[in-house]
Amino acid sequence: MAAISSLKGMVCAAVTAAVVVGGAAGPLAAAPGPGPVPGSTGSGDSLFPQAGNGGYDAQRYRVVLDYRRDGSISASTRLTARARHPLSSFSLDLEGLRVERVRVDGREATFRRHGHELVITPVRPVRGAFAARVAYHGTPHSHTDPDGSSEGWIATADGATTVNEPVGAMTWFPDNDTPRDKARYTFAVTAPSRRAVVANGILVDRSRHGARTTWTWRQGEPMASYLAMISIGDYRVFRSTMRTVAGRRLPVWSFVERSLGPQRGARHLVPRIVRWEERRFGAYPFDSTGMVAHELSVGYALETQDRPVYPGGPGVGVLVHELAHQWYGDSVTPRDWGDIWLNEGFATYAEWLWTAAHGGDSTRATFRALYRQNGPKSDLWKPAPAALSDPADLFGPAYLRGAMTLQVLRQRVGTDHFFDILRSWARLRRHGGASTHGFIGLSERISGDRLHRMFRRWLYTPARPRGY
Ligand SMILES: [Zn+2]
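Residues numbered from 1 in each chain as written. Predicted model: local features only at pLDDT ≥ 70, side-chain atom pairs only at ≥ 80, totals over all residues. Heavy atoms only, no water.

Within the first shell, the zinc ion binds the protein through Met1 (N), Met1 (O), His321 (NE2), His325 (NE2) and Glu344 (OE), at distances of 2.0 to 2.3 Å. Of the two residues, histidine 325 sits in the loop between α2 (316-324) and β23 (332-334) while glutamate 344 sits in helix α3 (residues 341-357), which places them 19 residues apart along the sequence. (Donors = N, O, S within 2.8 Å, 3.2 Å for Na, K, Ca; no water. Helix = DSSP H or I, 4+ residues; strand = E, 2+ residues; numbered from the N terminus.)

Below, the discussion takes up the packing of helix α1 (residues 264-281) against α3. The N-to-C vectors of α1 and α3 enclose an angle of 105°; their axes lie 12 Å apart at closest approach. As far as their axial angle goes, α3 and α1 are roughly perpendicular. Between α1 and α3, the contacting residues are Arg272, Ile273, Trp276, Glu277 and Phe281 on the first element and Ala350, Leu353, Trp354 and Ala357 on the second. (Axes fitted to C-alpha atoms, helices over the stretch in contact; angles between N-to-C directions. Parallel < 35°, antiparallel > 145°, perpendicular 65-115°, else oblique. Contact = heavy atoms within 4.5 Å.)

Next up on the list: the side chain of aspartate 175. With respect to the element layout, aspartate 175 can be found in the loop between β12 (159-163) and β13 (183-192). For the buried aspartate 175, which has no salt bridge, the nearest side chain bearing the opposite charge is arginine 113, at an N-O separation of 11 Å. In this structure aspartate 175 touches Asn53, Tyr61, Leu92, Asp93, Ala169, Met170 and Ser225, once residues within four positions along its chain are discounted. (Buried < 20%, exposed > 50% of the residue type's maximum accessible area, 1.4 Å probe, protein only. Lys, Arg positive; Asp, Glu negative; His and termini not counted. Salt bridge = Lys/Arg side-chain N within 4 Å of Asp/Glu carboxyl O.)

A few words now on unusual backbone geometry. For residues other than glycine, phi is negative in most cases, and the peptide bonds are mostly trans. Cis geometry marks the peptide bond from glutamate 165 to proline 166, where omega comes out at 5°. Mapped onto the elements, proline 166 comes out in the loop between β12 and β13. Cis geometry is adopted by the peptide bond preceding proline 383, which originates at lysine 382 and carries an omega value of -10°. For proline 383, the position within the fold is in the loop between α4 (363-373) and α5 (400-413). Its identity as a non-glycine residue notwithstanding, aspartate 306 has a phi of 75°, on the positive side. Tracing the backbone shows aspartate 306 in the loop between β21 (300-301) and β22 (309-310).

Across the chain, pLDDT averages 94, with 94% of residues at or above 70. Taken together, the stretch residues 6-32 has pLDDT below 50 and engages in 60 contacts with residues farther than four places along the chain or on a different chain. (pLDDT = per-residue confidence, 0-100.)

Right, let's talk about the sheet that holds strand β17 (residues 230-233) for a bit. On the basis of which strands lie adjacent, the open sheet formed by five strands has the order β10-β11-β12-β17-β14 and antiparallel pairing. The strands lining the two open edges of the sheet, one partner per strand, are β10 (142-144) and β14 (196-199). Averaged over all pairs of adjacent strands, the angle between their axes in this sheet comes to 20°, without regard to strand direction. Both β12 and β17 contribute to a ladder of two bridges, which runs antiparallel. What sits directly across from alanine 160, in β17, is isoleucine 232. (Pairing = 2+ DSSP bridges.)

Turning next to the nonpolar core. Judged by nonpolar contacts, the single largest core of 142 residues is most densely connected at Leu65, Phe187, Leu409 and Phe439. For this core, the leading source of residues is α3, giving nine residues. Summarising the domain contributions, this core has at least three residues from each of domain 1 (2-26 + 38-324) and domain 2 (333-460). For phenylalanine 439, the contacting residues outside a window of four places in its chain are Trp341, Leu342, Phe346, Leu406, Leu409, Ile421, Trp425 and Phe455. (Core = buried A, V, L, I, M, F, W, Y, C linked by side-chain atoms within 4.5 Å. Domains from an automatic or database assignment.)

Structure representation (structure tokens):
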């Protein structure tokens, strides 16, 4: 994420497993083990412990959503998942909206709402692979974050756009709303035909039925729910292809709100930046790219997977930032929100690299200016970027102090080792989960250096590190 206005304060901001009917027919049913228990209603995240759920691993979502001109939706979400142990009940996150019915493995299930928890009790406990389908309707609303900003479903004059970081997905579809449970997605969104609909992934179908059109997008790579995006609006649609550094053909889908003009400059920068970042970070991790530009009141851009959302026509810095997240954040995703510097520090550092490569300050000069301009009493040093305790600080020190940490690492291990670490991190954790601990371990292995003290000073200590 990168803040465009001052709102966020800082410089920027499967297995479609065959459905195994639970119970005696399931192959796991005969296995010895504990009896069915309820799945947990939280994920245990350090900053958002109540978001997400335990007891199962989401594999695939199919979100079928009918958008009406009055801003309401009628929708169903089908989740295919795998129970980690026999579950007598399990939870999804869903805020607002009215649930009509829930079926589990084709059979009617009972459910109750408790805050944003949708607790589902199937007729029989689920074991192994299972499928749940939730039908719901209503008018979605945005979610207000601990820092006062808005996320999730954002209504606009011509439709709606979703920007979910960190927990906004639950405002428009029931999900396991934690970055530690990635899944594959299909979105089938029906809207008035004079509007266009964009989402993550590849457009696999567009069918018109009179005055309404259904757009079906498929995200074939694992994706965290905070990166899921649909947008319905008065768009100009641009489709082209680009070649990656390795010669792979990549579809480029860009959706630009008509009032913003064609945004030719920004659109043409996208393939150029992707290739530039590939040369530094390794192969682009996804199967398509592009951008979504729409006037939005939220005041920040978001690195929604494949094609980020920009709240207006984007400049080069924010394009570099959000595209860098495709490697660091979208493909390599922190398992816990407390490790968000692994997203924002890296994307901010990518901006520094771009500046340095295009006639601006070197990354070292950018670091030194920040260090000198921010004395020991500056807010830049508190809290420490990997020791957050208040969710309102999610979009704070992770950016600049995170990027400064990477510069310190680079100066310590040398430029060759440094880029080896960045590329290896993207390659080894591709489409997976990550932690600060894992990054420190990788840095030590590649450099052959002991780096714990350095990282402790820069990531975990709420004070200005001395001697730089
Ligand atoms: Zn960001």
